[in-house]
Amino acid sequence: MEDGTSKSPGYCGDTDGDYDVLQWDTREDCEVRQILDRIADKWSLLVIALLDQRSLRFSELRRRIEGISQRMLTRTLRQLERDGLVSRTVYPAVPPRVDYELTPLGVTLHHTIRALVTWTEEHQNEIAFARAAYDARVTAEQEAAERDSAERDAIAREVLAAGRANTG
């Protein structure tokens, strides 16, 4: 193996240690991309945020996460458990009781998520302003394009009518 080459087959970053945005490769075998895709989806973010407060049962999570299906919550929890971010405890009872909580690794991820939420809260007005400006600009451009198209159509109709008048 060459010096500086990662031994992990799923590693997709560069080997010189410098930060490179292209390390988030879109290849199927890129572990960094797979992990980012999983932890950045909306359901995972909500589950991690809720479990930071305390351990919760499946039914409690489902009740608190508006719009999530039972299948999607099950899938999300399994993926987070597989990644070592959530632990699952089954209690022998009738009906069976299952609690979910963040692992120490999951807690460290929650700190990062919390920083992202804080940034979003601090900049939400700027983002709203940028969105409104963008929407107004796009609307104006669309209206201008429609006017230009209507003018071209009118000119084309005049040219066709003049051509018919000259040949008729």
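Residues numbered from 1 in each chain as written. Predicted model: local features only at pLDDT ≥ 70, side-chain atom pairs only at ≥ 80, totals over all residues. Heavy atoms only, no water.

This part covers the sheet that holds strand β2 (residues 86–91). The 3 strands are arranged β1-β3-β2 in an open sheet whose pairing can be described as antiparallel. The two strands at the open ends of the sheet, each matched to only one other strand, are β1 (56–57) and β2. When β2 meets strand β3 (residues 97–102), the two strands line up antiparallel, connected through 6 bridges. Among the inter-strand pairings, Arg-88 is bridged to a residue of β3, identified as Tyr-100. (Pairing = 2+ DSSP bridges. Helix = DSSP H or I, 4+ residues; strand = E, 2+ residues; numbered from the N terminus.)

This part is about the confidence of the model for the protein. For the protein, per-residue confidence averages 84 on the pLDDT scale, and 82% of positions sit at 70 or higher. Looking over the protein, one finds the lowest element-wise mean pLDDT in helix α1 (residues 31–39), namely 82, and the highest in helix α4 (residues 70–82), namely 95. Counting interchain partners and residues more than four positions distant, the pLDDT-below-50 stretch residues 1–7 has 5 contacts. (pLDDT = per-residue confidence, 0-100. Contact = heavy atoms within 4.5 Å.)

The next subject is the pattern of salt bridges. Taken as a whole and assessed by the stated rule, the structure comprises 4 salt bridges. Among the ionic pairs, Asp-83 bridges to Arg-38, the shortest N-O distance being 2.6 Å. Note that Asp-83 is positioned in the loop between α4 and β2 and Arg-38 in helix α1, a separation of 45 residues in sequence. When its relative accessible area of 18% is taken as the criterion, Arg-38 is described as buried. Arg-54 is the salt-bridge partner of Glu-60, the closest N and O atoms lying 3.4 Å from each other. With a relative accessible area of 42%, Arg-54 lands in the partly exposed category. (Salt bridge = Lys/Arg side-chain N within 4 Å of Asp/Glu carboxyl O. Buried < 20%, exposed > 50% of the residue type's maximum accessible area, 1.4 Å probe, protein only.)

A separate point is the nonpolar core. Counting residues in hydrophobic clusters, the biggest one holds 20 residues, and the most contacted among them are Leu-51 and Leu-61. Taken together, the elements giving at least two residues each to this core come down to α2 (42–53), α4, β3 and α5 (104–167). Sort the elements by how many residues they give to this core and α2 lands first, with 5 residues. Beyond its immediate stretch of four places on either side in the chain, Leu-51 contacts Leu-56, Leu-61, Val-86, Tyr-100, Glu-101 and Leu-102. (Core = buried A, V, L, I, M, F, W, Y, C linked by side-chain atoms within 4.5 Å.)

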